[in-house]
Amino acid sequence: MTRPGEVVLATNNPKKLKELRRILTAAGLDITVLGLRDVAPYPEPEETERTFEGNAFLKAEAAMRATGKLAVADDSGLEVDELNGMPGVRSARWAGPACDDDDNNALLLAQLDGVPAERRTGRFVCALAMVAPDGERRVWHGRMPGRITDLPAGENGFGYDPLFIPAGMSVTSAELTAEEKDSISHRGIAVRAFVDYLKGL
């Protein structure tokens, strides 16, 4: 496979688009990243798999078939040890199908109410799947361990970032700059592995 001029990132999340574009630019790759709002609408698949990898491949496969372009998709979320690895693949919908980030964060804090700091451990995980028009399929994984704080802090990032303190740090993910977060985040790790693959083409 030759290096593509365009890649479709199967997401409507503008922050994920900015993240991939930022890392590609930093790597010196002249590749245009298209989001779902940049391509003709198509039926997006339901995330019915029980793993991050499975859901990522569902989304990447649908995007590739609809556009005919190399497509990537991530599925990521938060695993909390005290909750037996939940919310996991349900992270984005933890408080219900119509919930937003604030709802999810409020529910997580309620579920961990009274749990001491040493047991508030967890990790962000990411699976980034690629499906190419020639049939090639690959997946890259990233993990960021840390702990859940008692109160939200920070205005950057999204999702559970205001509640998550990465291992070895004293501030939440939402208090980091975009570049600081890219360097350690689960998605940043997976995206950089994908970028290394593109650089090798």
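Here goes a summary of the coordinates provided. Since the structure is predicted, the reported quantities are computational estimates derived from the model, not experimental observations. Residues take numbers from 1 onward in each chain, read along the sequence in its written order. Residue-level local features of this predicted model are given only where pLDDT is at least 70; pairs of side-chain atoms are given and counted only at 80 or more, and the full residue set underlies all totals for whole chains, interfaces and linings. Water and hydrogen atoms play no part in the side-chain values, which are based on all heavy atoms of the structure.

### Some thoughts on the nonpolar core
In terms of nonpolar packing, the biggest core is built from 22 residues, with Leu 20, Val 72 and Phe 194 touching the most fellow members. Helical segments are the DSSP runs of H or I of at least four residues, strand segments are the runs of E of at least two, and each set is numbered from the N terminus. Those elements giving two or more residues to this core turn out to be strand S1 (6-9), helix H1 (14-26), strand S4 (121-131) and helix H5 (186-199). A per-element tally of this core places H5 first, with six residues. Residues within four places of Val 72 in sequence aside, it is in contact with Val 7, Val 8, Leu 9, Ala 10, Leu 20, Ala 60, Leu 128, Ala 129, Met 130 and Phe 194. What is meant by a nonpolar core is a set of buried Ala, Val, Leu, Ile, Met, Phe, Trp, Tyr and Cys residues, joined one to another through side-chain atoms within 4.5 Å. Residue exposure (1.4 Å probe, protein chains only): buried if accessible area is under 20% of the type maximum, exposed if over 50%, otherwise partly exposed. Residue contacts follow a heavy-atom distance rule, with two residues in contact if any of their heavy atoms lie within 4.5 Å.

### Some remarks on the side chain of Lys 181
Relative to the elements of secondary structure, Lys 181 occurs in helix H4 (residues 178-184). Once residues lying within four places of it in the same chain are set aside, the contact partners of Lys 181 are Gly 157, Phe 158, Asp 161 and Leu 176.

### Section: the environment of Thr 172
Within the fold, Thr 172 resides in the loop between strand S6 (164-166) and H4. Residue class for Thr 172 comes out buried when judged on its relative accessible area of 3%. Between the alpha carbons of Thr 172 and Gly 157 there is a distance of 9.8 Å; along the sequence they are 15 residues apart. With near-sequence residues (within four places) excluded, Thr 172 lies in contact with Thr 149, Ala 153, Gly 154, Asp 161, Pro 162, Phe 164, Ile 165 and Pro 166.

### Some points on the layout of surface pockets
Computed over the protein atoms alone on a 1 Å grid, cavities are sets of points where a 1.4 Å probe fits but cannot get out and pockets are open sets with protein on both sides within 12 Å along at least five of seven lines; a residue lines them when it has an atom within 4 Å of a point. Grid points are joined across faces, edges and corners, and a volume is the space filled by probe spheres set on the points. Here the largest pocket defines a volume of roughly 960 Å³. In terms of lining, the largest pocket is formed by 40 residues, of which the most central are Asn 13, Lys 16, Glu 47, Ala 92 and Arg 93. Breaking the lining of the largest pocket down by element, the ones donating at least two residues are H1, helix H2 (52-67), strand S3 (71-80), helix H3 (101-111) and H5.

### Brief notes about H2
Multiplying one less than the number of residues by 1.5 Å gives the expected span of a helix. Under the 1.5 Å per step criterion, the end-to-end length of H2 is 23 Å for 16 residues, consistent within 8% with the ideal 22 Å. Residues of H2 that are buried: Phe 52, Gly 54, Asn 55, Ala 56, Phe 57, Lys 59, Ala 60, Glu 61, Ala 62, Ala 63 and Met 64. Packed against the buried residues of H2 are S1, S3, S4 and strand S5 (137-148). Positive phi shows up at Gly 68, right after H2, with a value of about 75°.

### Comments concerning the sheet that holds S4
Strands are labelled as partners when DSSP assigns at least two bridges between them. Taken in spatial order, the six strands make up an open sheet running S2-S1-S3-S4-S5-S6, and their pairing is mixed. Looking at the sheet topology across the chains shown, the edges are occupied by strand S2 (32-34) and S6. On average, adjacent strands in this sheet sit at an angle of 35° to one another, irrespective of strand direction. Inspection of the sheet shows S1 paired to S3 by two bridges, in the parallel sense. Among the inter-strand pairings, Val 8 is bridged to a residue of S3, identified as Ala 71. Packed onto the sheet, H2 meets S1, S3, S4 and S5 and runs at close to 160° relative to S3. Here an angle of 0 to 180 degrees is reported between the N-to-C directions of two axes, which are lines fitted to C-alpha atoms, with helices fitted over the stretch in contact.

### Regarding the environment of Leu 83
Relative to the helices and strands, Leu 83 is located in the loop between S3 and H3. On a C-alpha basis, the gap between Leu 83 and Arg 143 in space is 18 Å, while along the polypeptide they are 60 residues apart. Not counting residues up to four positions away in its chain, the partners in contact with Leu 83 are Leu 108, Gln 111 and Leu 112.

### Brief notes about the packing of H1 against H5
Running from N to C, H1 and H5 cross one another at 45°; their axes reach a closest spacing of 10 Å. Between H1 and H5, the angle falls in the class oblique. In this structure, H1 crosses over H5, and the sense of that crossing is right-handed. Contacts from Lys 16, Glu 19, Leu 20, Ile 23 and Leu 24 of H1 reach H5 at Arg 187, Gly 188, Val 191, Arg 192, Phe 194, Val 195 and Leu 198. Partitioning the contact of H1 with H5 into residue classes produces seven nonpolar, one polar and four charged. If an angle is under 35 degrees, it is roughly parallel; if it is over 145, roughly antiparallel; if it lies from 65 to 115, roughly perpendicular; otherwise it is oblique. In this scheme the crossing of two helices becomes right-handed for a clockwise turn of the near helix relative to the far one and left-handed for an anticlockwise turn of less than a right angle. For this classification, Asp, Glu, Lys and Arg are treated as charged, while Ala, Val, Leu, Ile, Met, Phe, Trp, Tyr, Cys and Pro are nonpolar and the rest, including Gly, are polar.

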